[in-house]
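One letter stands for each residue in the lines below.
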Amino acid sequence: TNNFATLNPLSQGVAATSRTFSEGNTAVSFGGADDSSLSSIGVTSGKWYCEFKITNEATGYATVGVGNESSAFVTNPGACNIGSSAGAYGYFANGQKRINAASLADYGDTFTDDDIISIALDLENGAIWFAKNGTWQDSATAGEIAAGTTTNAAATSLSGTFFIGCSNSASGTTGDAFAVNFGNPSYANSSDAADGNGYGAFEYAPPSGYYALCTKNLAEFGG
């Protein structure tokens, strides 16, 4: 068998607010407060790819990203946005990024309903990149991502065990919503692109050397 990661409904956190999971925990909608949801699998090494489809962007601060095991995004996801947490790295719907709880900074394009945000997480070189609808942001290219060239990465110096996820922001009165694709989408793609091992069904092809977050890839790459 080969099991793909999903969002983890058990990681509610200390102050979890209203959130609703659906589609076998591959979709989530949030209430109108800071709240996050993270992957059911964490990774310490390897290179990993996934996609988030925005199904309701209500706040301007809908966020996708990653956090390490000591970040509030992981320890208390029900009370934080990914970007506000030390040890976490987020790309916001308003086009900004927030890295390791630093101030918001200009980064890339804005995104909204039906846009697909890709994440390339490289824990061999400690870097992360984001793409909107197949275009890597901040002038990054698939070739440099595959090569581990971090010049145009959204963030570097990542270290630890990381979980991937999404967040709502308290700036909105209604909730943001996402559908996540760790290789097992609940929605139809126009073209199902697999990783280099033939696993997963993505809208956009993963960069060379990046893999779907699933148990067979974990067994091979020791994530």
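Look up: the structure comes first, before these words.
Residues numbered from 1 in each chain as written. Predicted model: local features only at pLDDT ≥ 70, side-chain atom pairs only at ≥ 80, totals over all residues. Heavy atoms only, no water.

1. Side note on the nonpolar core
With 37 residues, the main nonpolar core has Ile119 and Leu121 as its most contacted residues. Of all elements in the fold, only strand S2 (27–30), strand S4 (47–56), strand S5 (63–68), strand S6 (88–92), strand S9 (116–122), strand S10 (127–132), strand S13 (162–168) and strand S14 (177–181) reach the threshold of two or more residues within this core. At four residues, the largest contribution of residues to this core is made by S4. In contact with leucine 121, other than residues within four places in its own chain, are Val43, Gly46, Lys47, Trp48, Val66, Ala127, Ile128, Leu158, Phe162, Ile164 and Tyr210. Trp136, Ala153, Phe202 and Cys214 belong to the second largest nonpolar core, which has 13 residues in total. (Core = buried A, V, L, I, M, F, W, Y, C linked by side-chain atoms within 4.5 Å. Buried < 20%, exposed > 50% of the residue type's maximum accessible area, 1.4 Å probe, protein only. Helix = DSSP H or I, 4+ residues; strand = E, 2+ residues; numbered from the N terminus. Contact = heavy atoms within 4.5 Å.)

2. What to know about the pairing of strand S1 (residues 19–22)
Side-chain alternation along S1 places Arg19 and Phe21 on a buried face and Thr20 and Ser22 on a face that remains uncovered. With four bridges connecting them, S1 and S2 associate as antiparallel partners. Pairing of serine 22 across the sheet is with alanine 27, part of S2. The antiparallel hairpin formed by S1 and S2 contains four residues in its connecting segment, where glutamate 23 sits at a positive phi of about 50 degrees. (Pairing = 2+ DSSP bridges.)

3. With respect to the pattern of salt bridges
This model, assessed by the stated rule, comprises one salt bridge. Measuring nitrogen to oxygen at the nearest pair gives 2.5 Å for the salt bridge that ties arginine 19 to aspartate 35. With a gap of 16 residues between them, arginine 19 in strand S1 and aspartate 35 in strand S3 (residues 35–38) connect regions that are remote in the sequence. The residues arginine 19 and aspartate 35 share a single accessibility class, namely buried. (Salt bridge = Lys/Arg side-chain N within 4 Å of Asp/Glu carboxyl O.)

4. A short note on the packing of aromatic side chains
How two aromatic rings sit relative to each other is set out by the distance from centre to centre and by the angle between their planes. Within the structure shown, the criterion is met by 12 aromatic pairs. Ring geometry for tyrosine 89 versus phenylalanine 162: centroids 6.1 Å apart, planes at 45 degrees, classification tilted. Here the residue tyrosine 89 occupies a position in strand S6, and phenylalanine 162 occupies one in strand S13, the gap between them amounting to 73 residues. Each of the two residues, tyrosine 89 as well as phenylalanine 162, counts as buried. An angle of 25 degrees between the planes, with centres 4.3 Å apart, marks the rings of tyrosine 211 and phenylalanine 221 as stacked. With a gap of 10 residues between them, tyrosine 211 in the loop between S14 and helix H3 (215–221) and phenylalanine 221 in helix H3 connect regions that are remote in the sequence. Take tyrosine 211: its relative accessible area is 14%, and that puts it in the buried class. Among the residues examined, phenylalanine 221 registers a relative accessible area of 29% and is labelled partly exposed. (Phe/Tyr/Trp six-rings, centres within 6.5 Å; stacked < 30°, edge-to-face > 60°.)

Purely geometric numbers; function is a separate question.
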